[in-house]
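Examining the three-dimensional arrangement
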Amino acid sequence: MVEPLIELKGISKTFGENVVLDQADLTVYRGEALAIIGPSGTGKSTVLRIMAGLLAPDEGEVYVGGKRRKGLIEDAPDPIHISMVFQQAALFDSLTVEENVGFLLYQRSRLPRRRIRQLVEERLEMVGLSGISRRFPSELSGGMRKRVSFARAIMSNPENPEDVPDLILYDEPTAGLDPIASTVVEDLVRDLQRSQRACQSYVMVTHQDSTIRRTADRVVFLHHGKVQWQG
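Just so it is clear, the structure is predicted and the values come from calculations on it, not from any experiment. One numbering rule holds for all chains: residues counted from 1, following each sequence as written. The model is predicted, so local features are restricted to residues of pLDDT at least 70 and side-chain atom pairs to those at 80 or more, both for listing and for counting; the totals for chains, interfaces and linings are taken over all residues. Hydrogens and water are ignored here; the side-chain numbers use all heavy atoms of the structure.

Along a regular strand, successive side chains alternate from one face of the sheet to the other. One ladder, built from five bridges, connects strand E1 (residues 4-15) with strand E4 (residues 59-64); its direction is antiparallel. The residue of E4 that forms the bridge with Ser12 is Glu59. Any two strands between which DSSP finds at least two bridges are classified as paired. In this text, helices come from DSSP runs of H or I with a minimum length of four residues, and strands from runs of E with a minimum of two, each type numbered from the N-terminal end. Bridging between E4 and strand E5 (residues 67-68) involves two bridges; their strand directions are antiparallel. Bridge pairing links Val64 to Lys67 in E5. Taken together, E4 and the strand that follows it, E5, pair antiparallel across an intervening segment of two residues, in which Gly65 is found at a positive phi of about 60°.

Buried residues dominate helix H1 (residues 44-52), accounting for seven of its nine residues. Note on exposure labels: buried denotes an accessible area under 20% of the residue type's maximum, exposed denotes more than 50%, and partly exposed covers the range between, all computed with a 1.4 Å probe on protein chains only. Of all the residues in H1, the buried ones are Lys44, Thr46, Val47, Leu48, Ile50, Met51 and Ala52. Phi turns positive one or two residues past the end of H1, at Gly53, with a value near 85°.

Our next topic: the side chain of Ser83. Summarising the element assignment, Ser83 is placed in strand E6 (residues 82-85). Whether two residues touch is decided by their heavy atoms; if any such pair falls within 4.5 Å, the residues are in contact. Once residues lying within four places of it in the same chain are set aside, the contact partners of Ser83 are Ala153, Pro165, Leu167, Ile168 and Leu169.

A pair of Phe, Tyr and Trp rings is counted when the ring centres sit within 6.5 Å of each other, with Trp represented by its six-membered ring. The angle between the planes then sorts it: under 30 degrees is stacked, over 60 is edge-to-face, the rest tilted. Counting across every chain of the model gives three aromatic pairs. Ring centres 5.7 Å apart and planes at 75° place the aromatic pair Tyr170 and Tyr202 in the edge-to-face group. Placement of Tyr170 in strand E7 (residues 167-171) and of Tyr202 in strand E8 (residues 202-205) is noted, with a sequence separation of 32 residues between them. Looking at Tyr202, the relative accessible area reads 1%, which means it is buried. One aromatic cluster in this structure is built from Phe150, Tyr170 and Tyr202. Look at NZ for Lys and CZ for Arg. If either is within 6 Å of the ring centre and within 35 degrees of the ring normal, a charge sits over the ring. In this structure, Lys9 packs its charged tip against the face of Tyr63, placed 4.8 Å from the ring centre.

Our next topic: the confidence of the model for the protein. Here the protein averages 87 in pLDDT, and 97% of its residues register 70 or above. Scored from 0 to 100, pLDDT reflects the predictor's confidence in each residue. The weakest mean pLDDT in the protein belongs to helix H6 (residues 179-195) at 80; the strongest belongs to strand E3 (residues 33-37) at 95.

Salt-bridge detection follows one rule: a side-chain nitrogen of Lys or Arg within 4 Å of a carboxyl oxygen of Asp or Glu. Summed over all chains, the structure comprises 15 salt bridges. Across the pair Arg218 and Glu32 runs a salt bridge whose closest N-O atoms are separated by 2.4 Å. Here Arg218 is found in strand E9 (residues 218-223), whereas its partner Glu32 is found in the loop between strand E2 (18-29) and E3, with 186 residues between them in sequence. Exposure class is identical for Arg218 and Glu32. Each is buried. Two residues, Arg113 and Glu98, come together in a salt bridge whose shortest N-O distance is 3.9 Å. Here Glu98 lies in helix H2 (residues 97-101) and Arg113 lies in helix H4 (residues 113-126), a separation of 15 residues in the sequence. Look at Arg113 and you get partly exposed, because its relative accessible area is 40%. The exposure class assigned to Glu98 is buried, which follows from its relative accessible area of 10%. Within the structure, one salt-bridge network assembled from shared partners comprises Glu98, Glu99, Arg113 and Arg117.

Once that is clear, we can look at the nonpolar core. Soluble globular proteins tend to bury their nonpolar side chains together. Throughout this description, the term nonpolar core refers to a set of buried Ala, Val, Leu, Ile, Met, Phe, Trp, Tyr and Cys residues connected via side-chain atoms within 4.5 Å. Membership of the largest hydrophobic core comes to 34 residues, with the highest contact counts inside it found for Val101, Leu124, Ile132, Val148, Phe150 and Tyr170. When neighbours within four sequence positions are excluded, Ile132 is seen to be in contact with Val97, Leu124, Leu140, Met144 and Val148. Listed in part, the 26 residues of the second largest apolar core include Leu34, Leu48, Ile80 and Leu169.

Accessibility expressed as a relative area gives 12% for Ser83, which makes it buried. With 35 residues separating them along the chain, Ser83 and Leu48 place their C-alpha atoms 11 Å apart.

If you walk across this open sheet you meet the four strands as E2-E1-E4-E5, and the pairing is antiparallel. Every other strand in the sheet has two partners, leaving E2 and E5 as the edge strands with one partner each. Strand direction decides the pairing type here: E1 and E2, joined by eight bridges, are antiparallel. Bridged to Pro4 within E2 is Tyr29.

Here it is in structure tokens:
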């Protein structure tokens, strides 16, 4: 059987009087390309944040790599490496593009700065943004910032295989992009999975029809706090 990477069992989450998730169950398997769809405000991004360990459910159990997670990611490391591309890019405004994309390596590796710069340029070229490493996020368009956050999510240390993410969570990665830029990102997502250069498993929240059709093997429809359909 295919190994589950993430299992959400009976997950509930309420914000004020708004019940976002209501005893929801969802499993993500290794090697899977999963898209989560549904109306705005139905809990799709909340599911991603719970998977990433950035948000704790009010009720239910979260299993990561077969091990139950207690608390948030900051409380104890997960047995698998999870990366996330946020809906609003979530770049550090005071850092350059190079420092944003290479943040993991600057913080957690002993690679020389020259080597990190080379790896950053490789990732930026992969997302179609060569030559912008010295710019700051404020100098970029919204679509460019989103692609920079994408490059950051797929950054890994070639000298440490454990740094390669086991699972990438994409929150609306093509929203706000023009059709050509969307196609570049969609093709990159698939290429990374098929070529085994970065990550073979991902979960994507999206509203965009082309992104659903081009990047998903399985689709989950989330509505009224529960998974209503999948296939």
